[in-house]
Amino acid sequence: MRRLGYGALVICTLATVSGCFRSPTPRFFILAPTTQGSPSSALSAQGPRVALAALTFPAYLLDPRMSVVAEGIEVRRDEFERWAEDLDANFRRVLLDDLSRELASTNVTAADSPFGQAGAQTLRVEVLGFDAAADGVARLRVRWSVATDSLTGAAVISEFSEHVSEETPGARAKALSSLVASLAQVIAGHIKKLP
């Protein structure tokens, strides 16, 4: 009887200890469009036609784990803080949504979309950096251009930064989303000036 009691005690102790060392539950995040610009009900089919022909990302950003850059050269990743979808696909969707609102146009699509339209201005975006840094600042650096049938657009390099409100993955995702909105605002401003 004594031996049975000791065995039960060992099993209970092991079960308790293994429960203490359980891995944290993974958390998933997305970039989200902002509500700036025109509300979706104000978008017009008469708005500018824009087709996102290319969007490229550095390979290190294609890892599903969220990253924080330290001292500009070290990338730290957390196993339990992840992007819910491929970051380049999420970035593309949010950029198109934000750009549609900024231009008040339903004619902003990806070039390979079945809704792509002839005569659209061609947008190309190369993401050079898109990070939340250990210093509490989120940064976006891109090279982009807009071309029309009659005008080949010169490439522009734009840089954006925003303070991350708190050191949480949700706050980092929110700050990065805001940077995509800033990019959409700059591109929309450029498109509005085109002949």
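Below you will find a few notes about this structure. Each chain has its residues counted from 1, following the order in which its sequence is written. Only residues with pLDDT of 70 or above have their local features reported here, since the model is predicted, and side-chain atom pairs are shown and tallied only from 80 upward, although totals for entire chains, interfaces and linings are computed over all residues. Excluding hydrogens and water, the side-chain values take into account all heavy atoms of the structure.

## Brief notes about the pattern of salt bridges
By definition, a salt bridge exists where a carboxyl oxygen of Asp or Glu is found within 4 Å of a side-chain nitrogen of Lys or Arg. Counted by the stated rule, this structure contains 13 salt bridges. Here glutamate 126 makes a salt bridge to arginine 143, at a shortest N to O gap of 2.5 Å. Of this pair, glutamate 126 sits in strand E6 (residues 121–133) while arginine 143 is found in strand E7 (residues 137–147), placing the two residues 17 residues apart along the sequence. A relative accessible area of 31% means that glutamate 126 is categorised as partly exposed. Looking at arginine 143, the relative accessible area reads 32%, which means it is partly exposed. Of the charged contacts in the structure, one is a salt bridge between arginine 139 and aspartate 135, with a shortest N-O distance of 3.0 Å. Note on exposure labels: buried denotes an accessible area under 20% of the residue type's maximum, exposed denotes more than 50%, and partly exposed covers the range between, all computed with a 1.4 Å probe on protein chains only. Residue arginine 139 is classed as partly exposed on the basis of its relative accessible area of 37%. Several salt bridges converge on common partners, so that one network encompasses Asp63, Arg65, Arg77, Glu79 and Arg82. Counting from the N terminus, the helices are the DSSP runs of H or I reaching at least four residues and the strands are the DSSP runs of E reaching at least two.

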